[in-house]
Amino acid sequence: MTLRRQIQFWLISLFAFCAFLYVFSGVLLPFVAGAAVAYLLDPVCDRLEKLGMGRLWATFTILLAFVFLLILFFILLLPVLGNQLSSFLERFPELVRQLQGLVNEQMGQRLAEAAGINLADLQASMAEMVGQGAAFVGKLAQSVWSGGQALLSILSLFVITPVVAFYLLLDWDHMIAKIDGWLPRDHLEEIRGLAREMDGAVAGFVRGQLSVCLLLGAFYAIALAVAGLNFGLLIGMGAGLVSFIPFVGAGLGFIVSMGVGVVQFWPEWPMILVIGAIFAVGQFLEGNILQPKLVGNSTGLHPVTLMFALFAFGYLFGFVGMLIAVPAAAMIGVLARFALKQYLASPVYTGSRRLSKIGPEDTAPQEGANE
């Protein structure tokens, strides 16, 4: 098979795969979620097999524990988080207005003098912008929340996803062996090497970063709730879950929690400082303990790449696209580095083809050149 035919084959395969995702994105959620659960839990199943447990019983035990923890989350935490989110969205415009009032009271005159305008005009302009922004954010969050509830149906999560995960986890090694048997024989080792690199990138980043997000979310939620911050559980969990984008999760959580804390605790500065200290401790734990231990030196993704992947895949394939955005971006990164390596070793980059066309007569010194 020529290089051109190989390129055509893989491009057609990629197009067919993207078309499949686009057409069936509305029904793929439980299957993609089941495949993700199976991939995440496969190392645990392998360890139980090494301890002497059969694959069937290891799969059943792991999924039973996973479903039990998932049910506990939906029974104990989800109602609390839902109530806090509903209350936060309802009170968000008022919280913003109270925060604006405190800023005007403490710094309004200085800001007006620095801007060179009347204080009343500055307050009116700020009130209008803040009101419009608060209303927009509130409506957007409410629409996202309601859409997420409709999308993440209880039937899909509690019935179809565990069944899909069970069968995929049970047959995982057989599926990998079967796919390996379909690989082109001429490029077998090269494709296996790329697959191992992709697995290392996805496993190191997704599995490790997921653990970091869950631990940070638990720390922020518990610490903010103990500190007595309104909506502390919601803000902490949200900050932890978005922490897979470096500095974004902690930054957003810090801004929101400080805004709520200023409105709630002003003028009690010690409590406001406690809120800031919680995020400082969280960043220390993430950078010095959690990231080195759980993620290590695995191939990561640039924050800009992560955000672009989430927006692009979410726009094209909906919520299913957001689920596959991070692993897909990691695999695309591996392929891009491989393509760059091939380009740097090719005559297109080195220019060896151009040099080979220069004959000996072109490089030999001409007679009379030194005369």
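Residues numbered from 1 in each chain as written. Predicted model: local features only at pLDDT ≥ 70, side-chain atom pairs only at ≥ 80, totals over all residues. Heavy atoms only, no water.

**Q** Hey, could you run me through the overall build of the protein chain in this one?
**A** A tally of helices and strands in the protein chain yields 14 helices and zero strands. Sequence-ordered secondary structure for the protein chain, helices as α and strands as β, is α-α-α-α-α-α-α-α-α-α-α-α-α-α. Expressed as a percentage of its 371 residues, the buried residues of the protein chain come to 32%. Sequence separation of 24 or more characterises 71% of the internal contacts of the protein chain that already satisfy a separation of 6 or more. For the protein chain, the accessible surface area stands at approximately 23,500 Å², while carbon and sulfur atoms represent 70% of it. (Helix = DSSP H or I, 4+ residues; strand = E, 2+ residues; numbered from the N terminus. Buried < 20%, exposed > 50% of the residue type's maximum accessible area, 1.4 Å probe, protein only. Contact = heavy atoms within 4.5 Å. Areas by Shrake-Rupley, 256 points an atom, 1.4 Å probe, with all protein chains shown as cover.)

**Q** Looking at this structure, how should I read the pattern of salt bridges?
**A** One side chain can pair with another of opposite charge once the charged atoms of both are near each other. As enumerated under the stated definition, the model contains six salt bridges in all. Notably, a salt bridge pairs Arg-55 with Asp-42, separated by 2.9 Å at the nearest N-O pair. Residue Arg-55 is located in helix α3 (residues 55-115), and its partner Asp-42 is located in helix α2 (residues 29-50); the two are separated by 13 residues in the primary sequence. One exposure class covers both Arg-55 and Asp-42, and it is buried. One salt bridge in this structure joins Asp-46 and Arg-55, with 2.8 Å as the shortest N-O distance. Salt bridges here are not isolated pairs; linked through shared partners, they connect Asp-42, Asp-46, Glu-49, Arg-55 and Asp-173. (Salt bridge = Lys/Arg side-chain N within 4 Å of Asp/Glu carboxyl O.)

**Q** Teacher, can you tell me more about helix α8 (residues 232-241) here?
**A** Structural remark: α-helix, 3.6 residues per turn; residues separated by three or four positions point the same way. The element α8 is extensively covered by neighbouring structure, given that eight of its 10 residues are classed as buried. Of the positions making up α8, those classed as buried are Gly-232, Leu-233, Leu-234, Ile-235, Gly-236, Met-237, Ala-239 and Gly-240.

**Q** Just to check I follow, could you spell out a nonpolar patch on the surface for this structure?
**A** Together, Phe-68, Leu-69, Ile-71, Leu-72, Ile-75, Leu-76 and Leu-77 make up a nonpolar patch on the protein surface, roughly 650 Å² of accessible area in all. Within the element layout of this structure, Leu-69 appears in helix α3. The exposed category is assigned to Leu-69, whose relative accessible area is 56%. (Patch = residues over 30% accessible without salt bridge, like charges linked within 9 Å, V, L, I, M, F, W, Y side chains within 5 Å.)

**Q** I'm lost on the nonpolar core in this one. Help?
**A** The nonpolar side chains of soluble globular proteins are, as a tendency, buried together. By size, the foremost hydrophobic cluster in this structure holds 28 residues, and its most contacted members are Phe-88, Tyr-220, Leu-224, Leu-229 and Val-260. Where this core is concerned, the elements lending two or more residues are α3, α7 (188-226), α8, α9 (248-265) and α10 (269-295). With seven residues, the single largest contributor to this core is α3. The residues contacting Leu-229, other than those within four sequence positions of it, are Leu-224, Ile-235, Ser-257, Val-260, Gly-261, Gln-264, Phe-265 and Ile-275. (Core = buried A, V, L, I, M, F, W, Y, C linked by side-chain atoms within 4.5 Å.)

**Q** Please explain unusual backbone geometry as it appears in this structure.
**A** A negative phi angle is the norm for most residues apart from glycine, just as the trans form is the norm for most peptide bonds. Despite not being glycine, Phe-231 shows a phi value in the positive range, around 60°. Among the secondary structure elements, Phe-231 is positioned in the loop between α7 and α8. According to the relative accessible area criterion, Phe-231 is buried, its value standing at 8%.

**Q** I keep staring at the confidence of the model for the protein chain and nothing clicks. Help me out?
**A** Parts of the prediction with low pLDDT should not have their coordinates interpreted in detail. For the protein chain, per-residue confidence averages 77 on the pLDDT scale, and residues scoring 70 or more make up 77% of the total. Per-element confidence in the protein chain ranges from a low mean pLDDT of 48 for helix α14 (residues 360-363) to a high of 88 for α8. pLDDT under 50 marks residues 354-360. Its contacts with residues more than four places away, or in other chains, come to one contact. The low-confidence segment residues 366-371, where pLDDT is below 50, has zero contacts with residues more than four positions distant or belonging to other chains. (pLDDT = per-residue confidence, 0-100.)

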